[in-house]
Amino acid sequence: MRRRFEWMAWWYAAIGIGFILLAIDHLLTGDKLWLVGVRVIIAIGFGLLALMEFKAKKRNR
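Small disclaimer: the values here were computed from a predicted structure and weren't measured.

Novice: What is the right way to look at the packing of aromatic side chains in this model?
Specialist: For any pair of aromatic rings, geometry is given as the distance between the ring centres together with the angle between the planes. A full pass over the atoms with the stated rule returns four aromatic pairs. Note on Trp 7 and Trp 11: the rings are 5.6 Å apart at their centroids and 10 degrees apart in plane angle, and the pair reads as stacked. One end of the pair, Trp 7, and the other, Trp 11, are both in helix H1 (residues 2-28), four residues apart, so they sit about a helical turn from each other. Given a relative accessible area of 54%, Trp 7 falls into the exposed group. The class for Trp 11 is partly exposed, based on a relative accessible area of 46%. Both rings, one in Phe 19 and one in Phe 46, keep their centres 6.0 Å apart while their planes meet at 10 degrees; by these two values the pair is stacked. Taken as a pair, Phe 19 in helix H1 and Phe 46 in helix H2 (residues 33-59) lie far apart in primary sequence, 27 residues in all. Residue class for Phe 19 comes out partly exposed when judged on its relative accessible area of 24%.

What counts and how
- Each chain carries its own residue numbering, running from 1 in the written order of its sequence.
- Selection of residues for local features in this predicted model requires a pLDDT of at least 70, selection of side-chain atom pairs for listing and counting requires 80 or more, and totals for whole chains, interfaces and linings are taken over all residues.
- Hydrogens are left out, water is left out, and the side-chain values use all remaining heavy atoms of the structure.
- Aromatic contacts are taken between Phe, Tyr and Trp rings whose centres are within 6.5 Å, Trp giving its six-membered ring; a plane angle under 30 degrees counts as stacked, one over 60 as edge-to-face, and the others as tilted.
- Helix numbering and strand numbering both begin at the N terminus, where a helix is a DSSP run of H or I of at least 4 residues and a strand a DSSP run of E of at least 2.
- Three exposure classes are used, based on accessible area relative to the maximum for each residue type with a 1.4 Å probe and protein chains only: buried under 20%, partly exposed in between, and exposed over 50%.

Distances and angles like these do not, on their own, reveal function.
Structural data, given as structure tokens:
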């Protein structure tokens, strides 16, 4: 079961990085700032999920 936590943590981290890259892309192409902000907030949320999964992995050792 420990392996599941690690996989999910990296999955959430990858999604968060993807949303950050998407926000940067839309910022550079001149999209509305509030739409860029929404993408950043989503990326932060996935980053927090990844952090919680990494901490859960350490707790279950």
